[in-house]
Structures are given as C-alpha cells and as structure tokens.
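# Results of the structural survey
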Amino acid sequence: KRQIMYSADKCIRCLLCTRTCRYGAITVKDGAPLFLREKCVGCGACVKACPEDALHLSGKMMNVKEILDVVMKDKDYYDTTGGGVTISGGEAFVQFQGFLGLIKACKEVGLNVAVETCGQVLFQHIREAEPYIDTLLYDIKHTDIKKLKELTGEASPVMIDNLCSLSKIAPDKIVVRVPVIPGFNLEDGTIESIYHLALKLGIKRISLLPYHTLGKNKYAQLGRTYDFPEEKMLKKDMLFPFRELGARQGLQVTIGE
C-alpha cells in the first residue's frame, strides 16, 4: 500500500501535518511529528500540507493503460538502444493479474520485457507469464534455504525448484542475480554453489550485485530499523576473482548489472 516517507532533516517542526491528518496517524513527540503508520491510509493530505517537502507519498495506483502511456513516451529510445521495460519489485508475481496484463500489453506494442523475481511464487504463474518475457532476472541470495530464511524471514525450497523447472523451458532467458553480502554469502562458498547450480541447469548468465547501503535512508524515512550490521559497501573489485572463476567454467559473469 502507499506509505508516507518522512525526511527529518527537511522538517521545520511546523506540525501542519499533525493538524491535517483526519485519521490520528500523526502525533507529536519532542516537538516533531511521530507517525503511527498502522493508522495511515495513504491519503496524502499531510504531504500536501507540508511546506518544506519533508513528506513524500511512496506508491501510486495505476492501471495497465496508464503505465503503458508513461512507458511509450520513450519508445524511440528503446528502439535505438534495444532496451525496454524492466518490472522489478517487491515481487511482480504477487499482483499477478495486473502484472500479466501489463507484460501482454508491452509485447503487443513491440517492447522488450525483463522481469525480476525471487522465484517464491506459483510456478503455473511463471509458466503462464514466460512467453511474454524476454529476460528473467532470477534472484538467488543463498542456496541454503534455512540460512536464507534466517536473514529474510521467509524462504522455501520452491525458489530453487521453480528455477529448475524454468530452466527446462527457457534457460536462455534466465539471468541469475546474486546480491553479494559480506557476512552472509560472500565468504562461505555460496557463490561457487550458485555457479554449480547454474551449470547443472544449463544457465549461462550470472550477475553479481555488490552489497550497498543506498536503501538505508529509505528505512529511516519509513520509520523502520535497518537491521543488517554491515555498514560498508562492497567494492566491485572484490568480486573480480569470482568473475574470473565463472569465466573459466564457461559462465558469463557481470558485476553490478
């Protein structure tokens, strides 16, 4: 749902937002607004009232036609560069009917379509959507489901099972994307195990994504705690040996793409 993002550094403590909210979702603590997010309905009234743009409403309800109208503004650019539409997340398959309608509409007007997924979805949905997808960016953070669940809070063998099933029908469409995270999957042989899995399934493309903290500020704006202890971003050159290892095994490994 739509959520309020609050930038404390821009706030002048005028408290107009507290007087504007009709749902009791904003109170005051130490002279600054305090957001009771469980009460927020995402109406955006407080955003309009804020004189310093300290509040931002994240999220917008759009139908397929509205999205396509925005996308088609850059059609000439896609045609020139070979680019197109990337549907990322969250998880696109969670909103399956709207998602399926969108990718079908994109293909009807000749757009290239890439979709990112963690794979923890119904395989029949993946199978139904696959003909309208040119590139499947399949995220794998770890091959040990138990360890993955400890970090993310939710994981199941379905993620790997779906990748195995997908590789039987569209291996050339798959790019396995690996967020490489120090203290989680950098040092324990996980990347090597993902390479082994990809080779076993006939998947050739791997994208290694160095850990970064660029989302930390968004956590603060959403009133959430950034729990992961690693504060330093991972430099690309730390992953060069993994790129070379993959190349020796016949894999096409990119970093940060």
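The rules behind these values
- Residues numbered from 1 in each chain as written.
- Predicted model: local features only at pLDDT ≥ 70, side-chain atom pairs only at ≥ 80, totals over all residues.
- Heavy atoms only, no water.
- Helix = DSSP H or I, 4+ residues; strand = E, 2+ residues; numbered from the N terminus.
- Buried < 20%, exposed > 50% of the residue type's maximum accessible area, 1.4 Å probe, protein only.
- Contact = heavy atoms within 4.5 Å.
- Lys, Arg positive; Asp, Glu negative; His and termini not counted.
- Charge placed at Lys NZ, Arg CZ, Asp CG, Glu CD.
- Axes fitted to C-alpha atoms, helices over the stretch in contact; angles between N-to-C directions.
- Parallel < 35°, antiparallel > 145°, perpendicular 65-115°, else oblique.
- Left-handed = near helix turned anticlockwise from the far one by under 90°.
- Nonpolar A, V, L, I, M, F, W, Y, C, P; charged D, E, K, R; others polar.
- 1 Å grid on protein atoms, 1.4 Å probe; cavity = no way out; pocket = protein on both sides within 12 Å on 5 of 7 lines; lining within 4 Å.
- Points joined across faces, edges and corners; volume = space filled by probe spheres on them.
- Pairing = 2+ DSSP bridges.
- Right-handed = clockwise from strand over helix to strand, strands pointing away.
- Salt bridge = Lys/Arg side-chain N within 4 Å of Asp/Glu carboxyl O.

### Some thoughts on the overall build of the chain
If you tally the helices and strands in the chain, you get 11 helices and 10 strands. When the backbone C-alpha atoms are referred to their principal axes, the chain occupies close to 60 × 45 × 35 Å. Counting over 257 residues, the chain shows a buried share of 41%. Expressed as a percentage of contacts within the chain between residues at least 6 apart in sequence, the contacts between residues at least 24 apart total 67%. Positive and negative charge centroids in the chain, built from 35 and 31 side chains respectively, lie 4 Å apart.

### Details of the packing of helix 3 (residues 64-71) against helix 5 (residues 96-108)
Two packed helices can be described by the angle between their axes and the distance between those axes. In contact at an axis separation of 10 Å, helix 3 and helix 5 are set at 40° when each is read in the N-to-C sense. Here helix 3 lies oblique to helix 5, going by the angle between them. Note on packing geometry: the crossing formed by helix 3 with helix 5 is right-handed. Taken together, the residues of helix 5 that come into contact with helix 3 (itself represented by Val64, Ile67 and Leu68) are Gly98, Gly101, Leu102, Ala105 and Cys106. Residue composition of the contact of helix 3 with helix 5, by class: six nonpolar, two polar and no charged.

### Some remarks on empty space enclosed by the protein
On inspection of all chains with the given rule, the structure shows three cavities of 30 Å³ or more. Of the volumes computed, that of the largest cavity is approximately 140 Å³. Lining the largest cavity are 16 residues, and of these Ile4, Cys21, Ala25, Cys40 and Cys46 sit closest to its centre. Reported here for the second largest cavity is a volume of approximately 90 Å³. Along the walls of the second largest cavity sit 13 residues, with Cys11, Cys14, Cys17, Cys50 and Ala54 positioned nearest its centre.

### Regarding the layout of surface pockets
Empty space within the largest pocket amounts to approximately 2600 Å³. Of all the elements in the fold, those that place two or more residues in the lining of the largest pocket are strand 1 (3-6), helix 3, helix 5, strand 6 (112-117), helix 7 (145-152), strand 8 (174-180), strand 9 (205-210) and helix 10 (216-221). Counting residues per element, the lining of the largest pocket draws most heavily on helix 3, at four residues. Counted as a void, the second largest pocket has a volume near 150 Å³. Lining the second largest pocket we find Leu137, Val175, Arg177, Arg205, Ile206, Ser207, Gln252, Thr254 and Glu257. Broken down by secondary-structure element, the contributors of at least two residues to the lining of the second largest pocket are strand 8, strand 9 and strand 10 (252-255). Sort the elements by how many residues they give to the lining of the second largest pocket and strand 9 lands first, with three residues. Of the residues in the lining of the second largest pocket, the class split is three nonpolar, three polar and three charged.

### With respect to the pairing of strand 9
Here strand 9 lies mainly inside the structure; five of its six residues are buried. Relative to strand 9, strand 8 runs parallel, the two sharing six bridges. Bridge pairing in strand 9 links valine 175 to arginine 205. Read as a crossover between parallel neighbours, the route from strand 8 over helix 9 (residues 190-201) to strand 9 is right-handed.

### Details of the pattern of salt bridges
If you walk through the whole model with that rule in mind, you get seven salt bridges. The residue lysine 75 makes a salt bridge to aspartate 79 at a minimum N-O spacing of 3.0 Å. One end of the pair is lysine 75 and the other is aspartate 79, both in helix 4 (residues 75-81) and four residues apart, which spans about a single turn. Lysine 75 gets classed as buried once you look at its relative accessible area, which sits at 18%. Measuring nitrogen to oxygen at the nearest pair gives 3.1 Å for the salt bridge that ties lysine 147 to aspartate 188. On the criterion of sequence distance, the pair formed by lysine 147 in helix 7 and aspartate 188 in the loop between strand 8 and helix 9 is long-range, its members being 41 residues apart. Looking at lysine 147, the relative accessible area reads 25%, which means it is partly exposed. Here the salt bridges share partners, and the residues they tie into one network are Arg127, Glu130 and Lys173.

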